[in-house]
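# Descriptive structure summary
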Amino acid sequence: MAAGVCGPTPLVFRLHEGAPELVREVLLERGWEEYDEQEQEEGDWNLYWRTSAFHNSDYENILPWQRLNHHPKTVGITRKDCLARNLKRMRGTFGSGLYNFSPTTFILPNDYTRFLAEYTKHRLKNGGRSGYWICKPVDLSRGRGIFIFEDIRDLVYDSSVIVQRYISNPLLISGYKFDLRIYVCVKSFQPLTIYMHQEGLVRFATEKYNLSSLDNLYSHLTNTSINKFGPFYTTDKERVGQGCKWTMSKFRCFLHSQGINELFLWQKINNIVTLTLLTIAPSVPSSPNSVELFGFDILIDAKYKPWLLEVNYSPALTIDCQVDVTVKKVLLNDLVDLMNYKSMDSVRQRGYLKQKYKRPCYLGSQSLQSPVLLLPKSMCEHHPANKKSHSIHSTFSDSMRYFPSVEINRIRSARNSVAGNRKTRPVLSQMTEAIQWSEVTDVESEFDDRDLSSLVSPWQASRQPAGGCCKLPAIHIQKTPKFPWDPKSQDKSTPPLRVGDFILTFPFNEVTLKASWDKLNVKTAVHEVHKLISQLASQLASGCSHKQKRGREDELDRCKEKKDFGSLFWGPTNPPLLSECHLGKGYVGTS
């Protein structure tokens, strides 16, 4: 588990109201400090965590050392009706053969006529039996408002809902229905970078599956928020045990005990995640200092076909049992490691003033080559013309304690060199020149021998409103800063294949890596996903198994020497290289 302190100064986290207590616990264990709005500047934090969406201004004002736990505009997959629309659109574009992992869905009331036609058609085809349907409110979570019906007369709703064909043949374990909660981290949408966590949750219903009792939610729903109140929650259930959760590791053991070839199952789940995220990836604005943890709910039917049920925004991180502790604490630690904090991030506002003011001035989308400074209140006040010059210099001298250390002798020398021209040489211009820095991590900057009169004029500074914060004009630093910042820039370096138990699943070869740069090429990405699953299916159909494990470190080293992009296979206990799981030498990294 990685250390939480990245330097002499601890990192700082900020929690919004309602944030999971586990987040606080994990970060404190890592040596972080919690943000205190009474003691610290508004921007003096490294991670802002909230369960609800951020405002646009939070993304616009992000600073280099900060991270947000949500990307903007991901509602296209996290709201049930939006997900249905986007999957339908992609199915129309790329075919139902690829986008066939979501049950038939209708959005009511708009699609009521279409649903009625499908309902009637199915009933006539099956001798009067209409089949089973499930109704879900589009904007509720934790199983609230969900019910299952067979007769259309039981369909009653008072808000926007989706109606889906109910998967009535789920895979059962000792008679109990279950689904998988897969944790997916999107580190970036531009370029698209997806990680899937090796560990996850298997969530069980607490009563045996029975189609003759559609109103028994403890039999048909797997939501922990519902089943923990069931009469058999604490009962030691056959094979399932007490409670209603397994770890994904225990589920793998179950698959092995059944003699199931799990590779194809894992890859199909992998494809579901990638293809779903590709539906919104081109429309999500670039926000490189954001990460997003999604919870994908996957149901496996009796034929071992995985189905996407929904995608959860801010998946629950509450602790209900020991399984939650085992899974979620490791998950959060790996997520923080994936955020890639560096030692310089602990500096935060050292390049800014440490004094507390009414509000901070953020860089926004500007580069650090044009610093924005917060000034003490005294420096923002208007000074009458009849004030004595020594009082102004006194103000300047007193205010210097708020700024990073500088070479005072050189400043005084520069000030004396232009003493004969007081009217054109402002006090603020002295300060402006003095407080330039070239590195965020080293605030002792060097003073240039430039003409001070070329900087801001005294009356420009005095026009700032009293009591407010002042923004100095852009200062073009000739020396390249150590911490350049362009929040709209893309990182085109190869992402790490594994961070803790997070496995990189997209991009997975050279083609998808290049397709994710600049403007995402969705068509190419979808084609490569289809190609990947087709090759694995062909291999399994021919009875071939993946290659024996052989020095994976050596194989990765060979990929690096050839400058190929070697990717890991998500799902199995010890993830092999994709090149070990497919026929054809050198598939990974080829077109």
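Residues numbered from 1 in each chain as written. Predicted model: local features only at pLDDT ≥ 70, side-chain atom pairs only at ≥ 80, totals over all residues. Heavy atoms only, no water.

The name given to the chain in an unreviewed UniProt entry is Tubulin tyrosine ligase-like family, member 2, with the source organism recorded as Hucho hucho.

### Let's talk about the overall build of the chain
We apply this condition: Under the DSSP-based scheme used, a helix requires at least four consecutive residues in state H or I and a strand at least two consecutive residues in state E, with every element numbered from the N terminus. Surface accessibility in these figures is a Shrake-Rupley result with a 1.4 Å probe; residues are shielded only by whichever protein chains are displayed.
When its secondary structure is counted, the chain shows 18 helices and 17 strands. Total accessible area on the chain is roughly 27100 Å²; 50% of this is exposed by carbon and sulfur atoms.

### Quick notes on the side chain of asparagine 227
As a reminder of what qualifies: Each polar contact in these results corresponds to two N or O atoms within 3.5 Å; when the atoms are within protein, one needs to be able to donate a hydrogen and the other to accept it, and residues that are neighboring in sequence are counted only if both atoms are side-chain atoms.
Relative to the helices and strands, asparagine 227 is located in helix H7 (residues 224–227). Here the side chain of asparagine 227 touches threonine 206 through a polar contact of 2.8 Å, side chain to side chain.

### Here's the deal with the nonpolar core
The line we're drawing: Only buried Ala, Val, Leu, Ile, Met, Phe, Trp, Tyr and Cys residues count toward a nonpolar core, and they belong to the same one when joined by side-chain atoms within 4.5 Å. Only protein chains enter the accessibility calculation, which uses a 1.4 Å probe; a residue is then buried when its area is under 20% of its type maximum, exposed when over 50%, and partly exposed in between. Residue ranges labeled as domains rest on an automatic or database domain assignment.
The biggest cluster of nonpolar side chains holds 94 residues, and the ones touching the most others in it are Trp49, Leu180, Ile182, Phe251 and Leu277. The residues that make up this core include at least three from each of domain 1 (12–67) and domain 2 (75–103 + 172–344 + 496–540). Within the second largest apolar cluster, 11 residues are counted, among which are Phe115, Tyr119, Cys135 and Leu155.

### A short note on the sheet that holds strand S1 (residues 12–15)
Sheets are built from strands that pair by backbone hydrogen bonding, the pairs being arranged parallel or antiparallel. Which entries qualify depends on this criterion: In this scheme, strands are said to pair when DSSP sees at least two bridges between them. In this description, contact between two residues means that some pair of their heavy atoms is separated by no more than 4.5 Å. Each axis is a line fitted through C-alpha atoms, and for a helix only the stretch in contact is used; angles between axes span 0 to 180 degrees, taken between their N-to-C directions.
As summarised here, the arrangement of the 4 strands in space is S2-S1-S3-S4, forming an open sheet in which the pairing is parallel. Every interior strand has two partners, whereas the edge strands, strand S2 (33–34) and strand S4 (67–68), have only one. Relative to strand S3 (residues 47–49), S1 runs parallel, the two being bridged by 3 bridges. Bridged to leucine 15 within S3 is tryptophan 49. Where helix H1 (residues 21–29) meets the sheet, it contacts S1, S2 and S3, and its direction lies at approximately 175° from that of S1.

### Quick look at the sheet that holds strand S6 (residues 133–137)
On the basis of which strands lie adjacent, the open sheet formed by 4 strands has the order S5-S8-S6-S7 and antiparallel pairing. Sheet topology places strand S5 (105–108) and strand S7 (147–149) at the edges, where each strand pairs with a single neighbour. Neighbouring strand axes in the sheet, compared pairwise and without regard to direction, differ in orientation by 25° on average. Note: S6 against strand S8 (residues 161–165), 5 bridges, orientation antiparallel. Across the sheet, cysteine 135 pairs through a bridge with valine 163, a residue of S8. Sheet contacts for helix H5 (residues 112–125): S5, S6, S7 and S8; angle to S5, the most-contacted strand, approximately 140°.

### Remarks on the pattern of salt bridges
Here is the rule we go by: Definition used for salt bridges: Asp or Glu carboxyl oxygen within 4 Å of a side-chain nitrogen of Lys or Arg.
For the structure shown, the criterion picks out 21 salt bridges. Across the salt bridge formed by arginine 85 and aspartate 81, the nearest N and O atoms sit 3.7 Å from each other. Of this pair, arginine 85 and aspartate 81 both sit in helix H4 (residues 80–94), 4 residues apart, which is roughly one turn of the helix. Relative accessible area serves as the criterion here: at 4%, aspartate 81 is assigned to the buried category. Measuring nitrogen to oxygen at the nearest pair gives 2.6 Å for the salt bridge that ties arginine 153 to aspartate 151. Since its relative accessible area comes to 71%, arginine 153 is described here as exposed. Bridged by salt links that share partners, the residues Lys228, Lys245, Asp320, Asp324 and Lys328 form one connected network.

### Quick word on unusual backbone geometry
When glycine is set aside, most residues are seen to have a negative phi, and most peptide bonds are trans. A cis geometry characterises the amide bond from leucine 108 onward to proline 109, with omega recorded as 15°. In this structure, proline 109 sits in the loop between S5 and H5. For the peptide bond that leads from phenylalanine 506 to proline 507, omega is 0°, which places it in the cis range. Among the structural elements, proline 507 can be located in the loop between strand S17 (502–506) and helix H16 (510–515). Within the chain, lysine 73 stands out as a residue other than glycine whose phi angle is a positive 60°. Positionally, lysine 73 belongs in the loop between S4 and helix H3 (75–78).

### Examining the packing of helix H8 (residues 248–257) against helix H9 (residues 262–278)
Using the following cut-off: Here the angle decides the label: under 35 degrees means roughly parallel, over 145 means roughly antiparallel, 65 to 115 means roughly perpendicular, and every other value means oblique. Gly falls in the polar group here, along with every residue not listed as nonpolar (Ala, Val, Leu, Ile, Met, Phe, Trp, Tyr, Cys, Pro) or charged (Asp, Glu, Lys, Arg).
Where H8 meets H9, the axes come as close as 11 Å, and the angle between the chain directions of the two elements is 140°. Considering their axes alone, H8 and H9 lie oblique with respect to each other. On H9, the residues that touch Met248, Phe251, Arg252, Leu255 and His256 of H8 are Glu262, Leu265 and Trp266. Looking at side-chain class alone, the contact of H8 with H9 contains 5 nonpolar, 1 polar and 2 charged residues.

### Quick word on the pairing of S8
Across the 5 residues that make up S8, a large majority, 4, are buried. Bridge analysis of S5 against S8 gives 4 bridges, and the strand direction is antiparallel. Within S8, the residue paired with isoleucine 107 across the bridge is isoleucine 162.

### Some words on the state of the cysteines
For clarity, the threshold we go by: In this description, a disulfide is simply a cysteine sulfur pair whose atoms lie within 2.5 Å.
Summed over the entire model, instances satisfying the criterion amount to 0 disulfides. Sulfur of cysteine 321: no disulfide; nearest cysteine sulfur belongs to cysteine 244 and is 6.8 Å away.

### Thoughts on H5
Note the cut-off: What a helix is expected to span follows from its residue count: subtract one and scale by 1.5 Å.
Over its 14 residues, H5 runs 20 Å from end to end, which matches the ideal 20 Å to within 8%, given 1.5 Å per residue. Positive backbone phi, approximately 65°, marks glycine 127, located one or two places after H5.

### Description of H4
Between its first and last C-alpha atoms H4 spans 21 Å; for 15 residues at 1.5 Å apiece the expected length is 21 Å, and the two agree. If you check which residues of H4 are buried, you get Lys80, Asp81, Cys82, Leu83, Ala84, Asn86, Leu87 and Met90. Just beyond H4, the residue with positive phi is glycine 95, at close to 100°.

### Considering the environment of proline 10
Of note, proline 10 is situated in the segment before S1. Assessed through its relative accessible area of 18%, proline 10 is described here as buried. Taking the C-alpha atoms as reference points, proline 10 and glycine 31, separated by 21 residues in sequence, lie 6.6 Å from one another.

### Examining the packing of H1 against helix H10 (residues 322–338)
How we decide: A crossing counts as left-handed when the near helix is turned anticlockwise from the far one by less than a right angle, and as right-handed when that turn is clockwise.
Running from N to C, H1 and H10 point in directions that differ by 60°, and their axes come no closer than 10 Å. Classed by the angle they form, the pair H1 and H10 counts as oblique. Crossing angle aside, the handedness with which H1 passes H10 is right-handed. Contacts between H1 and H10 involve Leu22, Val23, Glu25, Val26, Leu27 and Glu29 on the former and, on the latter, Lys328, Lys329, Leu332, Asn333 and Val336. Residues that form the contact of H1 with H10 fall into these classes: 6 nonpolar, 1 polar and 4 charged.

### Some remarks on the packing of aromatic side chains
We count it as follows: Only rings of Phe, Tyr and Trp enter the pairing, Trp through its six-membered ring, and a pair is recorded when the two centres are within 6.5 Å. The plane angle decides the type: under 30 degrees is stacked, over 60 is edge-to-face, the rest tilted. Over a ring means this: the NZ of a Lys or the CZ of an Arg is within 6 Å of the ring centre and within 35 degrees of the ring normal.
Going through the model one piece at a time under the given rule, you end up with 22 aromatic pairs. On the numbers, 5.5 Å between centres and 65° between planes, the contact of tryptophan 45 with tyrosine 48 is edge-to-face. By relative accessible area, which is 8% here, tyrosine 48 ends up buried. Each ring, one from phenylalanine 115 and one from tryptophan 133, has its centre 5.1 Å from the other, and the planes form 90°; the classification is edge-to-face. Within this pair, whereas phenylalanine 115 is found in helix H5, its partner tryptophan 133 is found in strand S6, the two being separated by 18 residues in sequence. For the pair phenylalanine 115 and tryptophan 133, one class covers both residues: buried. When the ring centre of tryptophan 307 is taken as origin, the NZ or CZ atom of lysine 305, which lies over that ring, is 4.1 Å away.

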